[in-house]
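Residue-level listing of the chains:
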Amino acid sequence: QGSCGVLPQQHTFLSMGRRSLGLSRADGPFTPPVSDDEDDDAAETAVLLSKRVNDGDGEFFPDPYSRAPPGAGRYWPITVRSLVCGWIIGGAVAAMNISFGLKAGWTQGGSVLAAVIGIAFFNAIKSRLSFAFTMEEANIIQTVAVAGGAMTGASGFVSSIPALKLLGYDKSFGELLAWSFAVAYLGIFFAVPLRSRFVVREKLRFPSGTATAETILSMFAQEADSSDRARVLIMWSIGAAMFTLLTFLIPDIERPPFLPAIGLSKVVEYGFALYLDPLLFGGGILSGWRVGCSVLLGAILSWGVLAPLVRNAGWATGEVMSFQGGARAWILWPGVGIMTADALGGLLLTINWRSLFRSLATPCTACFKTAPPERLTPMHRVSEVEAGGLLACQHHLNDSKPNEFHPTEQVPTLWWTVGLAASSCSTVVVMWLVFDVPVYEGIVSIPLSAVLSFIATRCAGETDINPSGAMGKVSQLAFAGIAPGNISTNLLSGAVAASGASQAGDLMQDLKTGYLLRVSPRRQFIAQCIGIPVGIFFCVPIYMLFAAVYVFGSDDAPAPAAQAWKAVAEVLVDGFGALDKNSKNAQWGALAGAGLGLLLPLLRHGLAATRFPKLALFVPSGTALGLAFVIFPDQSITLWAGSLAFFIWEWRSPASCEALAFSVASGLIAGAGLWGVVNALLKFAGVEALITSHHSS
């Protein structure tokens with residue numbers, strides 16, 4: 001999820017599950033044998049799927065692959081062990097996202113990471129388990145972990161909240177805790193009715209959710225495969241953590257003074273240097289070659305070309321890296337223009353407007369209708385293997401009606417409607433009491449957030465991109481007219497919209513995973529509600545720690561997403577006069593950046609519709625290009641180096657790369673991100689480096 005806009009989704013390695021299950025694209029639809037006897041739950045299938053058997057009274061039993069041993073009673077996958085495991089992983093993802101998000105500007109979902117760790121852990125201790133670990137439990141672990149880890153983005157701790165701090169609004173621990181709990185459940189309650197529409201009826205792909213289901217299926221099919229992935233992930237996590245500790249003790253290891261030593265001090269003055277950071281290197285692996293090249297191109301264009309030009313022209317007379325009249329303050333504006341225009345332009349071109357209007361025209365009551373119980377069949381089968389290696393389990397009740405769970409396994413309408421009302425009221429009250437946002441403006445932000453969540457969720461289902469950053473910008477633009485001149489209202493309204501869109505889109509990926517694995521939505525909903533508070537109790541103190549130890553916008557915490565949110569709010573509230581406060585003629589740079597940001601998605605969309613659609617892959621990512629204007633150039637080079645490593649690995653050993661690249665990248669990000677919290681604690685406690693750094697940012 002790109003908190004500062006839209007970054008292409010991480011590689012999901014979608015064909016992994018088919019290979020592990022011995023399927024190829026040429027195999028076509030696969031149908032495992034189906035037993036006619038409802039009590040014969042020993043039916044062997046070639047694919048591990050969570051089948052259910054109706055015992056006649058509306059209850060459903062899991063199949064032999066997902067049940068407790070005989071005599072253990074009916075199985076309930078929300079076990080203490082699955083919750084504890086999900087809480088621990090979710091807390092780790094939340095901590096990792098604070099470190100990573102304040103450097104790179106976006107956050108990681110953690111679905112596949114949680115599934116890999118959870119399955120590998122219980123496989124390692126399976127001889128000591130009182131009953132077998134199941135795919136349903138794996139899905140519960142992943143759902144709880146993602147709900148907790150997603151609170152970093154949903155509460156705005158890498159975007160709107162640090163943007164408020166940059167503007168001088170400091171909030172206490174209690175105030176941020178109240179804010180987080182207020183907005184925490186909006187996305188979940190928005191997602192419940194949208195699930196029936198987008199997952200069940202329209203059957204949108206939600207590629208990341210499908211990939212997570214494939215990962216769980218393949219890891220249960222091949223235990224050795226799960227062990228290899230977990231081993232690689234843990235090994236790289238430990239290595240990244242130890243390196244991060246070493247950089248705290250000996251800072252010059254992170255930035256070796258190589259270029260000054262060979263007489264290139266002028267290049268270093270503009271931020272180009274060797275920067276060794278496992279966080280950003282892992283982010284480059286996940287982002288891929290196109291994003292990496294876009295970031296490098298942006299760094300050269302902004303810091304290598306524009307920064308010297310505006311300095312020589314007298315438009316930026318301060319220190320290069322200063323926000324007070326330096327070149328950095330000037331190039332921020334074209335970067336924000338590129339990111340904002342690319343996000344909004346890409347959104348407009350990505351949405352399938354025909355299907356969107358058709359969805360909006362459908363009565364809202366259709367969102368939460370369920371199939372009548374009598375239409376449910378006792379068994380289901382795999383009826384379609386989609387192109388591109390997606391294993392989609394289509395559970396047909398009949399040809400004309402969508403499949404759905406028994407009503408007793410649905411989320412009751414009363415639950416989410418009452419919950420949505422309570423969450424909306426608490427959001428409005430907290431905005432009023434904590435941020436001085438008038439009540440009527442808070443009330444307006446809720447339905448606006450609901451509409452934008454609808455659009456963002458559809459976009460995530462069709463393209464795998466959750467445009468939560470763009471949704472925030474749309475809300476900021478709307479409130480520039482509703483509440484002109486109020487910068488905190490502008491930021492907070494955008495934060496509410498981004499929170500709802502972020503959560504609804506990301507959690508819908510998990511609901512898609514559960515749909516494919518046949519985990520009931522009621523159980524997933526309960527798991528999400530349980531996971532959120534743990535994520536909040538990790539996010540808030542870790543954010544407060546980083547805010548106390550680091551200066552946002554500095555080398556250690558550049559906070560690119562926060563810089564973008566702050567810049568957009570200033571322009572929308574104060575007009576283009578805000579650009580001239582520290583930089584002369586910066587409005588022209590912002591307009592040029594916006595023009596380029598609109599041109600890129602148009603060019604990409606146009607090339608994709610030609611006879612040579614692969615040419616669209618060579619069009620730079622506007623968000624990645626603009627990101628390089630905001631972060632330091634040495635950080636952009638590190639991101640590019642990670643994408644280059646992925647490109648070479650994929651070229652030399654495609655099978656190994658497909659199987660292990662995600663584990664390597666996730667290990668680097670998790671290890672460095674988690675130990676980054678420890679480094680912040682050491683710095684807060686007054687622990688000094690063993691050797692003083694010669695680098696000054």
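Everything numeric in this text was worked out from a predicted model, so none of it was measured.

J.: What should I look at first to understand the overall build of the protein chain in this one?
T.: Scanning the protein chain from terminus to terminus reveals 26 helices and four strands. Out of the 697 residues in the protein chain, the part that is buried amounts to 59%. In the protein chain, the proportion of contacts linking residues at least 24 apart, taken out of those at least 6 apart, comes to 81%. Carbon together with sulfur atoms contributes 66% to the accessible area of the protein chain, which is approximately 26,300 Å² in total.

J.: Is there a simple way to think about the environment of Q587 in this case?
T.: Within the fold, Q587 resides in helix α23 (residues 586-608). Separated by 250 residues in the primary sequence, Q587 and G337 place their C-alpha atoms 9.8 Å from one another.

J.: What am I meant to see in the side chain of S180 here?
T.: With respect to the helices, strands and loops of the structure, S180 is situated in helix α7 (residues 173-184). Those residues within four positions of S180 in sequence are excluded, and the remaining contacts are M151, S155, F157, I536 and V540.

J.: Looking at this model, I keep getting lost on the environment of S666. Mind explaining?
T.: On the secondary structure map, S666 appears in helix α26 (residues 654-684). Taking the relative accessible area as the measure of exposure, S666 reaches 6% and is therefore buried. Beyond its immediate chain neighbours, meaning those up to four positions away, S666 contacts L113 and L233.

J.: In this structure, what is going on with the nonpolar core? I would like to understand it.
T.: Side chains of a nonpolar character, in soluble globular proteins, are inclined to be buried together. Grouped together as the largest cluster of nonpolar side chains are 98 residues, with contacts concentrated most on I89, F133, F206, I216, M508 and L517. With nine residues, the single largest contributor to this core is α26. Those residues in contact with I216 that sit more than four places away from it in its chain are A115, I119, M135, A138, N139, Q142, T513 and L517. The next biggest cluster of nonpolar side chains, apart from the first, holds 65 residues, and it includes V411, V437, I487 and A504.

J.: Explanation requested: the environment of A483 in the structure shown.
T.: One can find A483 in the loop between α19 (468-482) and α20 (487-517). What makes A483 buried here is its relative accessible area of 6%. The residues contacting A483, other than those within four sequence positions of it, are E441 and T489.

J.: Help me understand unusual backbone geometry in this model?
T.: Note: most peptide bonds trans; most residues except glycine with negative phi. The phi dihedral of R518 is positive, around 65 degrees, even though this residue is not glycine. When you line up the elements, R518 lands in the loop between α20 and α21 (521-549). By relative accessible area, which is 7% here, R518 ends up buried. Phi angles above zero are rare outside glycine, and A559 is one such case at about 50 degrees. Of note, A559 is situated in the loop between α21 and α22 (560-574).

J.: Looking at this model, I keep getting lost on the packing of helix α2 (residues 80-104) against α21. Mind explaining?
T.: Helix-helix packing is characterised by the crossing angle of the two axes and by the distance between the axes. Taken N-terminus to C-terminus, the directions of α2 and α21 make an angle of 35 degrees; their axes are 9 Å apart at the nearest point. You can see that α2 and α21 cross each other, and the crossing is right-handed. Across from L83, W87, G91, A94, A95, I98, S99 and L102 in α2, the residues of α21 making contact are I530, G531, V534, G535, F538, C539, I542, Y543 and F546. Residue classes in the contact of α2 with α21 are distributed as 13 nonpolar, four polar and no charged.

J.: I keep staring at α23 and nothing clicks. Help me out?
T.: Working note: α-helix, 3.6 residues per turn, so residues spaced by three or four point in the same direction. The terminal C-alpha atoms of α23, which comprises 23 residues, lie 33 Å apart, in line with the 33 Å expected from a rise of 1.5 Å per residue. Here α23 has its buried residues at A586, Q587, G589, A590, G593, G597, L600 and P601.

J.: How should I be thinking about the packing of helix α3 (residues 111-124) against helix α4 (residues 135-149) in this particular structure?
T.: The interhelical angle for the contact between α3 and α4, taken along N-to-C directions, is 135 degrees, at an axis separation of 8 Å. One element, α3, and the other, α4, form an angle in the oblique class. Every pair of crossing elements has a handedness; the one defined by α3 and α4 is right-handed. Every residue of α4 that contacts α3 at S111, A114, A115, G118, I119 and F122 is listed here: A138, I141, Q142, A145 and V146.

J.: I'm lost on the confidence of the model for the protein chain in this one. Help?
T.: In low-pLDDT regions, the fine details of the predicted coordinates are not to be read closely. Predicted confidence across the protein chain gives a mean pLDDT of 76, with 77% of residues reaching 70 or more. The least confident element of the protein chain is strand β3 (residues 384-386), whose mean pLDDT is 30; the most confident is α21, at 93. Note that residues 1-74 has pLDDT below 50 and, in this model, 191 contacts with residues that lie over four places away or in other chains. Under a pLDDT of 50 for its full length, residues 363-402 has, in the predicted model, 102 contacts with residues more than four places off or in other chains.

J.: Got a minute to help me understand the packing of aromatic side chains in this structure?
T.: In this description, a pair of aromatic rings is defined by centroid distance and the angle of the planes. Enumeration over the complete set of coordinates arrives at 15 aromatic pairs. Both rings, one in W179 and one in F435, keep their centres 5.5 Å apart while their planes meet at 80 degrees; by these two values the pair is edge-to-face. Taken together, the residues span a long stretch of sequence, with W179 in helix α7 and F435 in helix α17 (residues 413-435) at a distance of 256 residues. Here the two residues W179 and F435 agree in accessibility, since each one is buried. Considering the side-chain rings of Y543 and F552, the 5.9 Å spacing of their centres and the 35 degrees angle between planes classify their relative orientation as tilted. Here F552 falls in the buried class, since its relative accessible area comes to 8%. Among the aromatic residues, those joined into a cluster by ring pairs are F121, F122, F133 and F220.

The rules behind these values
- Residues numbered from 1 in each chain as written.
- Predicted model: local features only at pLDDT ≥ 70, side-chain atom pairs only at ≥ 80, totals over all residues.
- Heavy atoms only, no water.
- Helix = DSSP H or I, 4+ residues; strand = E, 2+ residues; numbered from the N terminus.
- Buried < 20%, exposed > 50% of the residue type's maximum accessible area, 1.4 Å probe, protein only.
- Contact = heavy atoms within 4.5 Å.
- Areas by Shrake-Rupley, 256 points an atom, 1.4 Å probe, with all protein chains shown as cover.
- Core = buried A, V, L, I, M, F, W, Y, C linked by side-chain atoms within 4.5 Å.
- Axes fitted to C-alpha atoms, helices over the stretch in contact; angles between N-to-C directions.
- Left-handed = near helix turned anticlockwise from the far one by under 90°.
- Nonpolar A, V, L, I, M, F, W, Y, C, P; charged D, E, K, R; others polar.
- Expected span 1.5 Å × (residues − 1).
- Parallel < 35°, antiparallel > 145°, perpendicular 65-115°, else oblique.
- pLDDT = per-residue confidence, 0-100.
- Phe/Tyr/Trp six-rings, centres within 6.5 Å; stacked < 30°, edge-to-face > 60°.

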